[in-house]
Amino acid sequence: VCWPWFGAHESNPAFPAHGYARTLPWDVVASASEADGATSITLRLPDSDQARAQWPHAATLELTIIVSNVLRLALTTTNSGSDAIVISEAFHTYFQVGDIAQVRVTGLEGTTYADKVLDFARSVQQDAITFNGEVDRVYLDTAAECVIKDPSLKRRIRIAKSGSHSTVVWMPGQEKGNKLGDLGADGWRRMVCVESANTMENRVTVPAGTSHTLTVEYRAEPL
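A brief structural summary. (Residues numbered from 1 in each chain as written. Predicted model: local features only at pLDDT ≥ 70, side-chain atom pairs only at ≥ 80, totals over all residues. Heavy atoms only, no water.)

1. Details of the overall build of the protein
Piece 1. In terms of helices and strands, the protein carries 2 helices and 17 strands.
Piece 2. In summary, the protein has a C-alpha radius of gyration of 18 Å against a globular reference of 17 Å for 223 residues, a match within 12%.
Piece 3. Along the first, second and third principal axes, the C-alpha set of the protein runs to 50 × 45 × 35 Å.
Piece 4. Sequence separation of at least 24 residues holds for 64% of the intrachain contacts in the protein that already meet a minimum separation of 6.
Piece 5. Here the protein has roughly 11100 Å² of accessible surface; of this, 48% comes from carbon and sulfur atoms.
Piece 6. If you average the places of the 20 positive and of the 26 negative side-chain charges in the protein, the two averages end up 6 Å apart. (Helix = DSSP H or I, 4+ residues; strand = E, 2+ residues; numbered from the N terminus. Rg over C-alpha atoms; globule rule 2.2 N^0.38 Å. Contact = heavy atoms within 4.5 Å. Areas by Shrake-Rupley, 256 points an atom, 1.4 Å probe, with all protein chains shown as cover. Lys, Arg positive; Asp, Glu negative; His and termini not counted. Charge placed at Lys NZ, Arg CZ, Asp CG, Glu CD.)

2. Examining the packing of aromatic side chains
Piece 1. What the rule picks out here adds up to 7 aromatic pairs.
Piece 2. Ring centres of W3 and Y20 lie 5.9 Å apart, and the angle between their planes is 85 degrees; on these two criteria the pair is classed as edge-to-face. On the criterion of sequence distance, the pair formed by W3 in the segment before β1 (27–33) and Y20 in the segment before β1 is long-range, its members being 17 residues apart. For the residue pair W3 and Y20, the accessibility class agrees, reading buried in each case. (Phe/Tyr/Trp six-rings, centres within 6.5 Å; stacked < 30°, edge-to-face > 60°. Buried < 20%, exposed > 50% of the residue type's maximum accessible area, 1.4 Å probe, protein only.)

3. Focus: the nonpolar core
Piece 1. Counting 46 residues, the largest nonpolar core has W3, F131 and I148 as its most contacted members.
Piece 2. Listed in part, the 7 residues of the second largest apolar core include A90, V138, L140 and V168. (Core = buried A, V, L, I, M, F, W, Y, C linked by side-chain atoms within 4.5 Å.)

4. Notes on the pattern of salt bridges
Note on pairing: side chains with opposite charge can pair once their charged atoms come close.
Piece 1. Throughout the structure, instances matching the rule amount to 11 salt bridges.
Piece 2. In this structure, D47 engages R52 in a salt bridge whose closest nitrogen and oxygen atoms are separated by 2.9 Å. (Salt bridge = Lys/Arg side-chain N within 4 Å of Asp/Glu carboxyl O.)

5. With respect to the side chain of T42
Piece 1. You can see T42 is positioned in strand β2 (residues 39–45).
Piece 2. One polar contact links T42 to T64, side chain to side chain, over a distance of 3.0 Å.
Piece 3. Excluding anything up to four places from it in sequence, T42 contacts D27, V28, V29, A30, E62, L63 and T64. (Polar contact = N/O pair within 3.5 Å; in protein donor to acceptor, adjacent residues only side chain to side chain.)

In structure tokens:
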């Protein structure tokens, strides 16, 4: 979970990339077995001096996870302060694929993106996204459903979202991927990130006393 900023902190590089929600412990506040057989759990990020030192705003963050044959996530930011707050956020999802060279991501055709590999130069996606080297892009002003088509594993992963107007697509490539200790040797060949987000000009303003929810549904289907 990336929150309340995405990427580097805008003024203090000592703060963790992608915010502190992924570095601090959460509390379990609810769990249940749903009528359809699904299991749900709700986590809350508690207020703390460590959090306030990095982001001095009164806000509550809750994550509800519902697991069945479909995975559903809902990230809710509640502004309990007296002034509006501005957040960036994302579900930084790592999906297993069989062979990244065969993968195609659809749903973002015709969408403008900022290309981090090219110093955030803007381009428009013409066709399905394919991967023959590092890809690190923020697709802007899009609420579109995306599909990861993976012929090697004979499946597609469908990603439907709401409350999100950015989609981040990331694959580190060989040079960066092999420097990431948690992927293993050539692990970059078997992963791709398609992240439902709100970042850059799609950051979210949450007025005092209101909430904002980012929801995503992930579904695997045979290809």
